[in-house]
Amino acid sequence: MLSSTTTTEPALPLLVGNTPVCWISEPFSSGRHGFWAKLEGANPGGIKDRAALHIVQRARARGDLAPGAMIVESTSGTFGLGLALTAIAYGHPVTVVSDPGMEAIVQRLLGAYSARVETVTQPHPVGGWERARLERVDALLRQHPGAYCPNQYDNPDNVEAYAGLAHELISQLGRIDVLVCSVGTGGHSAGITRVLRRFYPDMRLIGVDAVGSVIFGQPARPRLMRGLGSSIHPRNVAHAAFDEVHWVAPHEAVWACRQLAATHYTTGGWSVGAVATVAAWCARTMAPHPDRGDLPPRPARYYTTVFDDAYCAAHDLLDRPPADEPDHIEHQGQAEATRWTRWVTARGR
């Protein structure tokens, strides 16, 4: 059905938000135990549509981003899709800087959405792919005076962008005892928690990181998983807000993703599998149950990785479900996490 209307705001932003929740139980937990998953893949590009829209809208309102000016940003994929949507809505050319790990389908989608993709070819010797991408972003900003970088890693607007998601959860769930979030730039875990703890002061926040990520004090290692973890230290990560942190390995995330697909017809990629692994454990061990885990991206973009048998076999990721319990460490530097590992912070004790 088509209709005609007059508006001063672009229509595309109206597609973002008001995503559903889904109850996840067996085989991740049994009986009445389970967890609610917020299906952020229902956004056009994923959870980071929220951040891309909010950051650009605020930058335009402040005059930091002039009409028609170029947007340049570093991204592993999902934030780039959000920027592409925002660029179409507000009329900005976009260049995203990524690396060889970007999924082919995402790169092609970005091109279809008129975004330009630049790929760095070598990781930075200290800061890995993320630092290499950021250095290329700096070079592009020097080449294009007036261009704007959203800087999702450090921009406080990234945190503020998720207030709406928090209010959606309050409306949908009514009570929230435990929040399980993947951590990459730190924006959505910080933004959601800031709002929810005004309503639920005792809510526990559990962060889910990737093995090999430096965010919570582990040594930097090459990482297969994208969409969570980092080789740099984003300022948006609200370290003091976390009650505990779990590191998850790629084979554990793959198992959870495939189980979600086979049993609930809802799934995603690396961050979804990692969060589901931890949220399921919370459902089994914490009363009454965790009220939320993030399932941000759509699964189709992972058809060459998480859902590709040949890729998973080559990296020894198949048929290796996570243990029933995580390893435990007393502090971040006690041991290197190479499988699912849990650290209870000073706040969580």
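Predicted model, so just to flag it, every value in this text is computed and none were measured.

Rules used throughout
Residues numbered from 1 in each chain as written. Predicted model: local features only at pLDDT ≥ 70, side-chain atom pairs only at ≥ 80, totals over all residues. Heavy atoms only, no water. Helix = DSSP H or I, 4+ residues; strand = E, 2+ residues; numbered from the N terminus. Rg over C-alpha atoms; globule rule 2.2 N^0.38 Å. Buried < 20%, exposed > 50% of the residue type's maximum accessible area, 1.4 Å probe, protein only. Contact = heavy atoms within 4.5 Å. Polar contact = N/O pair within 3.5 Å; in protein donor to acceptor, adjacent residues only side chain to side chain. Disulfide = S-S within 2.5 Å. UniProt positions renumbered as here; feature names shortened; annotations may be inferred. Salt bridge = Lys/Arg side-chain N within 4 Å of Asp/Glu carboxyl O. Pairing = 2+ DSSP bridges.

Another aspect to go through is the overall build of the chain. Along its length, the chain carries ten helices and eleven strands. Scaling as 2.2 N^0.38, a compact globule of 349 residues should have a C-alpha radius of gyration of about 20 Å, and the chain matches this with 19 Å. C-alpha atoms of the chain, sized along the principal axes, occupy 55 × 50 × 40 Å. Across the 349 residues of the chain, 57% fall into the buried class. Nonlocal contacts in the chain, meaning residues at least 24 apart in sequence, comprise 71% of its contacts between residues at least 6 apart.

Here we take up the environment of Ser 231. By secondary structure assignment, the location of Ser 231 is in the loop between strand 7 (204-210) and strand 8 (244-248). The exposure class assigned to Ser 231 is buried, which follows from its relative accessible area of 15%. The spatial distance from the C-alpha of Ser 231 to the C-alpha of Arg 62 is 31 Å, given a sequence separation of 169 residues. Setting aside anything within four residues of it in sequence, one finds Ser 231 in contact with Gly 127, Gly 128, Trp 129, Glu 130, Val 214 and Arg 223. Side-chain polar atoms of Ser 231 contact the backbone oxygen of Gly 127, separated by 2.6 Å. Reaching out from Ser 231, the side chain makes a polar contact with the side chain of Glu 130 at a distance of 2.6 Å.

All chains considered together, the criterion is met by zero disulfides. Sulfur of Cys 282: no disulfide; nearest cysteine sulfur belongs to Cys 181 and is 11 Å away. For Cys 282, a relative accessible area of 0% corresponds to the buried category.

According to UniProt, the feature "domain: Tryptophan synthase beta chain-like PALP" (unreviewed entry) maps to residues 14-280 in the numbering used here. Between the end C-alpha atoms of residues 14-280 the distance is 32 Å, and the span holds 40% helix and 14% strand.

Right, let's talk about the pattern of salt bridges for a bit. The final tally for this structure, using the stated rule, is 20 salt bridges. Here Arg 50 makes a salt bridge to Glu 40, at a shortest N to O gap of 2.7 Å. One end of the pair, Arg 50, is in helix 1 (residues 48-62); the other, Glu 40, is in the loop between strand 2 (35-38) and helix 1, with ten residues separating them in the sequence. Exposure class is identical for Arg 50 and Glu 40. Each is buried. Taking the shortest distance from any N to any O, the salt bridge between Glu 118 and Arg 116 comes out at 2.6 Å. Accessibility expressed as a relative area gives 13% for Glu 118, which makes it buried. Salt bridges here are not isolated pairs; linked through shared partners, they connect Lys 38, Glu 40, Arg 50 and Glu 168.

Residues in a regular strand project their side chains so that they alternate between the two faces of the sheet. Residues Cys 22 and Ile 24 line the buried face of strand 1 (residues 21-24), whereas the alternating positions Val 21 and Trp 23 sit on a face that is not buried. Note: strand 1 against strand 2, four bridges, orientation antiparallel. In the sheet register, Trp 23 faces strand 2, and the bridge partner there is Trp 36.

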